[in-house]
Amino acid sequence: MKLGIPRERREGERRVAATPETVKQLAALGVEILLEEDAGAAAGYPDLAYSQAGAHIVPELDPAQLDVLAHVRPLDPDTARSLKRGAVTVGLASPSSELPTVQALADAGVTSFALELVPRISRAQSMDALSSQALVAGYRCVLEAAIRLPRFFPLYMTAAGTVPPARVLVLGAGVAGLQAIGTAKRLGARVFANDIRPASADEVASMGGTFIRLDLETAEAAGGYARQLSSDAGTRQRQLLAPHVAQADVLITTAAVPGRRAPLLVTREMVQGMRAGSVVVDLAAESGGNVEGVVAGQDVPVPTADGSGHVWLVGLKDAPSAMASDASRLYAKNVANLLVLMVRDGALAPDFSDEVVAGACLTHDGTVRHQATADLLAERAGARREGAL
């Protein structure tokens, strides 16, 4: 069985789908690992370390020769079409936003496993890439805010006077939000947080934050994810959050609904109500943003309502990739643990009666097995037919 590890092609992506540690783990199962030159260089893993762990270094991968392709970012349609029939892919797939690739994988007869689809059950925690990468992103977004804020995070009592601690507000208390709360707390800030899932209050408190309770409907979906609020409830949420946002020196937003555009939590007017010099970091910028006016990969100055200065709106992009070494360490273990579940005697033999394997499968034997993605493709095909009439 030949497993290929490519050098990621997307601009700004520095992670890699395998580390020397996971190469050893998979080689011990009889897997032949082919690693593209410098695939791990940007993450701090040199080719020599991979070869010493048992990988074969190749100048360029030939997808048509691979039995399995492990990747970080979603594949492009051309790569999907170049894989041989029956080949297997494992990686992040963003199925709802990468429909042409999903269709190409199905048409090519490729069995693809999307790490976003791994069930949220205790047995699958070691394969949960969304959680492992969200942890990295939550840590990084606080550092990005601290760098930009023209104030200290912690309280300082000096002979020259007392400097009060910064006030940090985190919206969304999933894995990224909780990590942001813990990181900001360790830096000495006063940390407040809100989430539409009531169960998150205890988790926020466990990280040292103060939970802000709003008079809203609860919104928790299967697997512990948040679900989209109704339009009226969303408006009410923003009204109730406005005074808390105005008091914050740093606002960090992490709210996301899997497979959908990120919910709007903060309007431009709310940002303008903050003090000059305040910083807003939107971790959901790449999926539409929680904050009105955010641009992924850019710092946007927003003038304050009182005309005293600007608030910086930071559209964080590729946050896990900014911590490429440890992000890759965690991600590669997620990939390897899923593969270990399916490898038998050096060959890949997925057992679709296993709920983890079945749940993570996106395409198999020419069909799209993930129903929500299949429905989106059907809608897309229907819209094309109507447009052709």
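Now for a description of the structure that goes with this document. Just so it is clear, the structure is predicted and the values come from calculations on it, not from any experiment.

Membership of the largest hydrophobic core comes to 40 residues, with the highest contact counts inside it found for Leu3, Phe113 and Leu115. Elements with a minimum of two residues in this core: β1 (2–5), α1 (20–27), β2 (32–36), α2 (47–53), β4 (68–70), β5 (88–91), α11 (324–342) and α12 (355–360). The dominant element in this core, judged by the number of residues it contributes, is α11, at 7 residues. If we ignore the near neighbours within four places in the chain, the residues touching Leu115 are Val90, Gly91, Leu92, Met127, Ala129, Tyr331, Val335 and Leu338. Ala137, Phe153, Ala193 and Ala319 belong to the second-largest nonpolar core, a separate cluster that totals 30 residues.

Taken together, 8 strands build an open sheet; the order of strands is β3-β2-β1-β4-β5-β6-β18-β19 and the sheet is mixed. A strand with exactly one partner marks an edge of an open sheet, and here the two such strands are β3 (56–58) and β19 (367–368). Both strand β18 (residues 361–364) and β19 contribute to a ladder of 2 bridges, which runs antiparallel. Opposite His364, over in β19, you have Thr367 as the bridge partner. Packed onto the sheet, α11 meets β1, β4, β5 and β6 (111–114) and runs at close to 145° relative to β5.

Below, the discussion takes up the layout of surface pockets. Its boundaries defined by the atoms lining it, the second largest pocket holds a volume of some 360 Å³. What lines the second largest pocket is a set of 17 residues, and nearest its centre among them are Pro6, Arg7, Arg9, Asp76 and Thr79. Its residues assigned to classes, the lining of the second largest pocket shows 7 nonpolar, 2 polar and 8 charged.

So, about the sheet that holds strand β12 (residues 250–253). Taken in spatial order, the 7 strands make up an open sheet running β11-β10-β9-β12-β13-β15-β14, and their pairing is mixed. Either end of the sheet is taken by a strand with one partner, and the two such strands are β11 (210–211) and β14 (299–303). Across the sheet, helix α5 (residues 129–148) touches β12, β13 (279–282), β14 and β15 (310–315), and the angle it forms with β13 is around 155°.

Further remarks concern the pairing of β18. As paired strands, β6 and β18 are joined by 2 bridges and run antiparallel to one another. The residue of β18 that forms the bridge with Phe113 is Cys361. Between β18 and β19, which follow one another and run antiparallel, lie 2 residues, and Asp365 among them has a positive phi close to 55°.

For the coordinates displayed, the defined rule picks out 2 aromatic pairs. For the ring pair Phe113 and Phe352, a centre distance of 6.4 Å and an interplane angle of 10° mean the geometry is stacked. Taken together, the positions of Phe113 in strand β6 and Phe352 in the loop between β17 (347–348) and α12 put the pair 239 residues apart, joining distant regions of the chain. The class of Phe352 is partly exposed, set by a relative accessible area of 25%. Seen from their ring centres, Phe152 and Tyr156 are 4.7 Å apart, and the 65° between their planes marks the pair as edge-to-face. A relative accessible area of 37% means that Tyr156 is categorised as partly exposed. Above the face of the Phe192 ring, Arg167 is positioned so that its terminal group lies 3.9 Å from the ring centre.

Moving on to empty space enclosed by the protein. Any empty space left between the atoms is revealed when a probe the size of a water molecule rolls over them. Evaluation of the coordinates by the stated rule reveals 1 cavity of 30 Å³ or more. Surrounding the largest cavity, His71, Pro74, Leu75, Thr89, Ala93, Thr101, Val102, Leu105, Ser112, Phe113, Ala114 and Leu362 form its lining. By residue class, the composition of the lining of the largest cavity is 8 nonpolar, 4 polar and no charged.

Analysis parameters
Residues numbered from 1 in each chain as written. Predicted model: local features only at pLDDT ≥ 70, side-chain atom pairs only at ≥ 80, totals over all residues. Heavy atoms only, no water. Core = buried A, V, L, I, M, F, W, Y, C linked by side-chain atoms within 4.5 Å. Buried < 20%, exposed > 50% of the residue type's maximum accessible area, 1.4 Å probe, protein only. Helix = DSSP H or I, 4+ residues; strand = E, 2+ residues; numbered from the N terminus. Contact = heavy atoms within 4.5 Å. Pairing = 2+ DSSP bridges. Axes fitted to C-alpha atoms, helices over the stretch in contact; angles between N-to-C directions. 1 Å grid on protein atoms, 1.4 Å probe; cavity = no way out; pocket = protein on both sides within 12 Å on 5 of 7 lines; lining within 4 Å. Points joined across faces, edges and corners; volume = space filled by probe spheres on them. Nonpolar A, V, L, I, M, F, W, Y, C, P; charged D, E, K, R; others polar. Phe/Tyr/Trp six-rings, centres within 6.5 Å; stacked < 30°, edge-to-face > 60°. Lys NZ or Arg CZ within 6 Å of the ring centre and 35° of its normal.

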